Amino acid sequence: DQQVKQNSPSLSVQEGRISILNCDYTNSMFDYFLWYKKYPAEGPTFLISISSIKDKNEDGRFTVFLNKSAKHLSLHIVPSQPGDSAVYFCAASAQNYGQNFVFGPGTRLSVLP
Amino acid sequence: DTGVSQDPRHKITKRGQNVTFRCDPISEHNRLYWYRQTLGQGPEFLTYFQNEAQLEKSRLLSDRFSAERPKGSFSTLEIQRTEQGDSAMYLCASSLVSGGVGGKLFFGSGTQLSVL
């Protein structure tokens, strides 16, 4: 059973527009969430995180929103740039119950010039 | 900060052979993780260490897999009697955990294993 889901395998947006990547989780114990970006032949690179005590965290062009009641989080990238084209992974952890992170299957973002 | 380094980057082996991968974490990090990633999937947790102690192992980690982190520094992941299903990218990550609160994971570039 997938505890972290990213239901859109791919997403295409125009340069300068907003990219919205979604993530849903099933385990109510998860209380810490991260987003990673991955280019081919490289390891994932950390983008932004959010703790369950917050509903929003912002870092430059990247904003993560958390809706705990819906068990849903989203990553907004504004404005999108061609260099943002990569696979984006959502990851979750239950900090008080175990320290491993569970990753979603990823969404491939293509930003078109 | 030289980042997480993994060696080798690529490994091709024949079915039934043993392979060993090495990971050097960021020096001040106390946690080290091993993940496996196959095409179209996200990284799957295998195991993690707090210093030299192996604290959690996934049920994905069969008896053919063993990981060590002697002296709490670098780690090795060994796969014995490799099978074609072991072909994957093996990712190592490290983090600094303080007061029981987990930090973000820093990943290496991975070791791509191909079992023929």
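Reference entry: report on the structure contained in this document. (Residues numbered from 1 in each chain as written. Chains lettered and ligands numbered in written order. Predicted model: local features only at pLDDT ≥ 70, side-chain atom pairs only at ≥ 80, totals over all residues. Heavy atoms only, no water.)

### A short note on the overall build of chain A
Next, step 1: Of regular secondary structure, chain A possesses zero helices and 11 strands.
Next, step 2: Written out in order from the N terminus, the α and β elements of chain A read β-β-β-β-β-β-β-β-β-β-β.
Next, step 3: Relative to the compact-globule value of 13 Å for 113 residues, chain A shows a C-alpha radius of gyration of 13 Å, a close match.
Next, step 4: Overall size of chain A, expressed as C-alpha extent along the three principal axes, is 45 × 30 × 20 Å.
Next, step 5: Across the 113 residues in chain A, those meeting the buried criterion constitute 50%.
Next, step 6: Partitioning the contacts of chain A with sequence separation of at least 6, the portion at a separation of at least 24 is 54%.
Next, step 7: For chain A, the exposed area adds up to about 5,400 Å²; of that, 48% sits on carbon and sulfur atoms.
Next, step 8: Charge separation in chain A, taken as the distance between the mean sites of 10 positive and 9 negative side-chain charges, equals 2 Å. (Helix = DSSP H or I, 4+ residues; strand = E, 2+ residues; numbered from the N terminus. Rg over C-alpha atoms; globule rule 2.2 N^0.38 Å. Buried < 20%, exposed > 50% of the residue type's maximum accessible area, 1.4 Å probe, protein only. Contact = heavy atoms within 4.5 Å. Areas by Shrake-Rupley, 256 points an atom, 1.4 Å probe, with all protein chains shown as cover. Lys, Arg positive; Asp, Glu negative; His and termini not counted. Charge placed at Lys NZ, Arg CZ, Asp CG, Glu CD.)

### A look at the packing of aromatic side chains
Next, step 1: The tally for this structure, following the rule as stated, stands at 15 aromatic pairs over all chains.
Next, step 2: Seen in terms of ring centroids, Y36 of chain A and F103 of chain A are 5.8 Å apart; in terms of plane orientation they differ by 50°. Their pairing is tilted. Taken together, the residues span a long stretch of sequence, with Y36 of chain A in strand β4 (residues 32–38) and F103 of chain A in strand β10 (residues 102–103) at a distance of 67 residues. The residues Y36 of chain A and F103 of chain A share a single accessibility class, namely buried.
Next, step 3: Taken together, the ring pairs in this structure connect Y32, Y36, F46, F101 and F103 of chain A together with Y33, Y35, F45, Y48 and F107 of chain B into an aromatic cluster.
Next, step 4: Over the ring of F74 of chain B we find R22 of chain B, and its NZ or CZ is 3.9 Å from the ring centre. (Phe/Tyr/Trp six-rings, centres within 6.5 Å; stacked < 30°, edge-to-face > 60°. Lys NZ or Arg CZ within 6 Å of the ring centre and 35° of its normal.)

### Things to note about the interface of chain A and chain B
Next, step 1: Counting residues at the interface gives 19 residues for chain A and 22 residues for chain B.
Next, step 2: Counting the surface lost from both chain A and chain B, the interface buries some 1,600 Å², and carbon and sulfur atoms represent 54% of this.
Next, step 3: Put simply, chain A and chain B have zero salt bridges between them.
Next, step 4: Taken together, the links from chain A to chain B amount to four residue pairs in polar contact (both at pLDDT 80 or more).
Next, step 5: At four residues, the largest contribution of residues to the side of chain A that touches chain B is made by β4 of chain A.
Next, step 6: Considering only residue class, the side of chain A that touches chain B consists of 10 nonpolar, seven polar and two charged. (Buried area = accessible area lost by both parts, 1.4 Å probe. Salt bridge = Lys/Arg side-chain N within 4 Å of Asp/Glu carboxyl O. Polar contact = N/O pair within 3.5 Å; in protein donor to acceptor, adjacent residues only side chain to side chain. Nonpolar A, V, L, I, M, F, W, Y, C, P; charged D, E, K, R; others polar.)

Keep in mind these numbers describe shape, not what the thing actually does.
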